[in-house]
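Structural overview
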Amino acid sequence: MVIGAGMAGMAATLFAAQQGLHVVQAGLTGEVIYASGVFDLLGVYPPKERRVRNDPWDALNELVTAEPHHPYARLAPDAIRTAMDTLTAYLAEIGLPYKGHRNRNTTLLTPVGTVKRTYRVPESMWAGSQALAAKAPCLIVDLVGLRGFSARQMVETLGSAWPDLRTATIDVPGTSVHGPKYPEHVARMLEVEADRERFAAAIATHVNGAAYVGLPAVLGIYQTSEILADLEKHLNARVFEIPTMPPAITGLRLKEAFERHLPVLGVEAHYHHRVFDARPLPGGGFKLQMGKSEPEHSVLADRVLLATGRFIGKGLTPKRDGIHEALFNLPVHQPKHRDEWYAGTFLAPQGHAVSRAGIETDSQFQPVDAVGRVVHERLYAAGSILAHQDWMRTKSGVGLAVASAWGAVKAIAKQVATSS
Ligand SMILES: Cc1cc2nc3c(=O)[nH]c(=O)nc-3n(C[C@H](O)[C@H](O)[C@H](O)COP(=O)(O)OP(=O)(O)OC[C@H]3O[C@@H](n4cnc5c(N)ncnc54)[C@H](O)[C@@H]3O)c2cc1C
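Since this is a predicted model, take the numbers as computed values, not measurements.

Moving on to the overall build of the protein. Across its full length, the protein carries 11 helices and 18 strands. In summary, the protein has a C-alpha radius of gyration of 22 Å against a globular reference of 22 Å for 420 residues, a match within 12%. Taken across its 420 residues, the protein has 53% of its residues classed as buried. A sequence separation of at least 24 residues applies to 67% of the contacts in the protein between residues at least 6 apart. In the protein, the 43 positive side-chain charges and the 40 negative ones have mean positions that sit 3 Å from each other.

Listed below in structure tokens is the structure:
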């Protein structure tokens, strides 16, 4: 039983199904749409020095030496690489190709004109990192009324170092000119060929020899590669997407792709269900109660993988007396006192102690208590719920979720093989 439908839950479900395990998955897929859709492995290390890293593997070596309890230190670099490659190979198979370099991070434009280092980007964003690297003649397009994106802000921020960077603003043909527009509306509209052609025509008058055209991430939900190729043909330029502020279409694409395709692998998926109760059974295994707003089904599972996230995902609950794990009431590694949770300033480089609170595990990703004893023989944990990591400050969100999911599923498969 995989509890969680964030990146860790989805990756664990995929890896387990690929290993021939019979998987039931539950979780609200809501959180994935907040993600920018790019896959960070390790972009900043050490966080205290805010050191931006071009080579994530180099940084990883330093991290596992300096932080032996970090979840990444539980895996060999090859295992982490295989986990990311297995996930992106699957996404390419189901129509969501990702790109990146083997041994270095990609530099990506953000919607506010800063640049970030990340490990894998959707193919639709790839030309953007090439335009940035070449400082090539490039047009960035604003859509009237679109929230969470400003081409003008980007040119303001980047313009001095990139003279050939221009911006233009267009109305989205076929939508009312008044009021806000949401990326999802535009994305669904661009799935229709006639609307796409009108959209391209509205941009074409502004291209004027630009080699690259940057757009907010609105190029469809199901046919992004086709829409990208079509626009490139119409505009006679390389086209790329730039992530918008969350909730982002890039997250929605991931959600839709996983929801549609994981069941094809034989997964019994319950994407709007919560697990309300989980009890260990005397003979081993667990009985779980799940449902939409109340328990509707029970599941008997030999093993459980907890990928319930942190405070947003509701895997961890902050209370007056401390931080609690919501389902099994597992021991949570955390600061002794509540007043140690936060550093003095919100953007403190070293981060907040509360961000490193979470579930401690052994090398098999099995939750342990304060003296290192395994809590339940058949319980595993993965993702941001794990202790001793600060994925936000080290830019390692998806990498950590996917790698720990890989490690936990490997351990489960081994336990299944040795117990059968
Ligand atoms: C705004 C935002 C931007 C981000 N940007 C990036 C980025 O640019 N790059 C990057 O690499 N990462 C990014 N991330 C992080 C990344 O997307 C993941 O959130 C992160 O990797 C943690 O994933 P997770 O699966 O551990 O947890 P979550 O994504 O929090 O998922 C937890 C899951 O558990 C489920 N759950 C919890 N309790 C129960 C229960 N009782 N029963 C059933 N299901 C339950 C929740 O419904 C949810 O599906 C971003 C995240 C956010 C929120």
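Moving on, there is more to tell.
With that settled, consider the sheet that holds strand E13 (residues 286–291). Read across the open sheet, the 3 strands follow the order E12-E13-E14; overall the sheet is antiparallel. Strands at the two margins of the open sheet, each flanked by one partner only, are strand E12 (274–280) and strand E14 (297–301). Averaged over all neighbouring strand pairs, the angle between strand axes comes to 20°, with direction disregarded. Pairing of E13 with E14 involves 5 bridges; the strand directions are antiparallel.

Here helix H9 (residues 249–261) is 13 residues long and its end C-alpha atoms lie 18 Å apart, about the 18 Å a rise of 1.5 Å per residue gives. Within H9, 11 of the 13 residues are buried, which leaves the element mostly enclosed by the surrounding structure.

As enumerated under the stated definition, the model contains 5 aromatic pairs in all. Ring geometry for Trp57 and Tyr119: centres 5.8 Å apart, planes at 80°, overall edge-to-face. You can see Trp57 sitting in helix H2 (residues 56–66) and its partner Tyr119 sitting in the loop between strand E5 (115–118) and strand E6 (121–122), a full 62 residues away along the chain. Both residues of the pair, Trp57 and Tyr119, belong to the buried class. Here the guanidinium or amino end of Arg120 rests over the ring plane of Tyr119, the centre of that ring lying 4.0 Å away. Sitting over the ring of Trp162, Lys135 keeps its end group 5.9 Å from the ring centre.

Attention now goes to the site of the ligand. Near the ligand lie 32 residues; those nearest to it are Leu28, Ser36, Val275, Ser384 and Val398. In the model, a nitrogen atom of the ligand is placed 3.2 Å from a nitrogen or oxygen of the Val38 main chain. Measuring from an oxygen atom of the ligand, one finds a backbone N or O atom of Gly397 at 3.1 Å. Within the complex, the protein chains bury 89% of what would otherwise be the 990 Å² of accessible surface of the ligand.

This part is about the nonpolar core. As a rule of thumb, soluble globular proteins bury nonpolar side chains together. In terms of nonpolar packing, the biggest core is built from 83 residues, with Met1, Phe15, Leu288, Leu305 and Phe328 touching the most fellow members. The element contributing the most residues to this core is helix H11 (residues 397–419), with 11 residues. Those residues in contact with Leu305 that lie beyond four places of it in its chain are Met1, Val2, Ile3, Ala12, Tyr380, Ala382, Ala408, Val409 and Ile412. Grouped together as the second largest cluster of nonpolar side chains are 42 residues, Leu132, Leu146, Met154 and Ala168 included.

Parameters at a glance
Residues numbered from 1 in each chain as written. Predicted model: local features only at pLDDT ≥ 70, side-chain atom pairs only at ≥ 80, totals over all residues. Heavy atoms only, no water. Helix = DSSP H or I, 4+ residues; strand = E, 2+ residues; numbered from the N terminus. Rg over C-alpha atoms; globule rule 2.2 N^0.38 Å. Buried < 20%, exposed > 50% of the residue type's maximum accessible area, 1.4 Å probe, protein only. Contact = heavy atoms within 4.5 Å. Lys, Arg positive; Asp, Glu negative; His and termini not counted. Charge placed at Lys NZ, Arg CZ, Asp CG, Glu CD. Pairing = 2+ DSSP bridges. Axes fitted to C-alpha atoms, helices over the stretch in contact; angles between N-to-C directions. Expected span 1.5 Å × (residues − 1). Phe/Tyr/Trp six-rings, centres within 6.5 Å; stacked < 30°, edge-to-face > 60°. Lys NZ or Arg CZ within 6 Å of the ring centre and 35° of its normal. Near = heavy atom within 4 Å. Polar contact = N/O pair within 3.5 Å; in protein donor to acceptor, adjacent residues only side chain to side chain. Areas by Shrake-Rupley, 256 points an atom, 1.4 Å probe, with all protein chains shown as cover. Core = buried A, V, L, I, M, F, W, Y, C linked by side-chain atoms within 4.5 Å.

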